[in-house]
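What follows is the residue order along each chain.
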Amino acid sequence: TGKTYLTAALLNYIFARKEEVSYLTHRRFIEEIHHAIQDGKTQHSVIDRYFDKKFLIIDDLGSATCTEWQQEMILELIDRRYSSKMKTIVTSNFTPEEIKKKLGERTASRLLDSSNEILEFWDVKDRRSTPDFVECERSKIRIHHVPAEP
């Protein structure tokens, strides 16, 4: 559907502006925490590494198996960034309802907060499996911005 391609373009744009940015996938984040724990560190050493970046891109959130412990690790990162009003760009194949089920209500409420921009694709073919796919139709992309209530 072009989510990773879009995040790569955003990453390049942010780099070109000389802004601080980190990119990771859901799987890599969990793997990094496991490696840190194996090396005698805590999960906070990994979370701290991504917390203070001006921009963080998390690609394919929810794509990995998500145990309760993994949900907590993701929540901690998302919550700390959300509370500090840090810019976090997230891609996922899941609907808002599926995000709630997969990642938990608390993480979903922060990701789906009305102050966030949500770019939603639906009924779009996978670019990797469709060789003649050129670009998605504009009618199949929707941007939501719900202004915060006064």
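Anyway, here's the lowdown on the structure attached to this text. Keep in mind that what you see is a predicted model, and the values were worked out from it rather than measured.

Criteria and thresholds
Counting of residues starts from 1 at the beginning of each chain's written sequence and follows it residue by residue. Note on the predicted model: pLDDT of at least 70 is required for a residue's local features to be given, and 80 or more for side-chain atom pairs to be given and counted; whole-chain, interface and lining totals, by contrast, use all residues. Computation of side-chain values: all heavy atoms of the structure, hydrogens and water removed. Here a salt bridge means any side-chain nitrogen of Lys or Arg lying within 4 Å of a carboxyl oxygen belonging to Asp or Glu. Put simply, DSSP marks the helices as runs of H or I at least four residues long and the strands as runs of E at least two long, and each gets a number from the N terminus on. The cut-offs for exposure are 20% and 50% of the maximum accessible area for each residue type, with area from a 1.4 Å probe on protein chains only; residues under the lower value are buried, those over the upper are exposed, and the others partly exposed.

1. Looking at the pattern of salt bridges
Then, number 1: The tally for this structure, following the rule as stated, stands at eight salt bridges.
Then, number 2: Linking E19 and K54 is a salt bridge whose minimum nitrogen-to-oxygen distance equals 2.9 Å. Within this pair, whereas E19 is found in the loop between α1 (3-16) and β1 (21-25), its partner K54 is found in the loop between α3 (43-51) and β2 (55-59), the two being separated by 35 residues in sequence.
Then, number 3: A relative accessible area of 39% places K54 in the partly exposed class.
Then, number 4: Taking the shortest distance from any N to any O, the salt bridge between R49 and E32 comes out at 2.6 Å. Residue R49 is located in helix α3, and its partner E32 is located in helix α2 (residues 26-38); the two are separated by 17 residues in the primary sequence.
Then, number 5: Residue classification places E32 among the buried residues on the basis of a relative accessible area of 16%.
Then, number 6: Each of R17, E19 and K54 takes part in one network of salt bridges that share partners.

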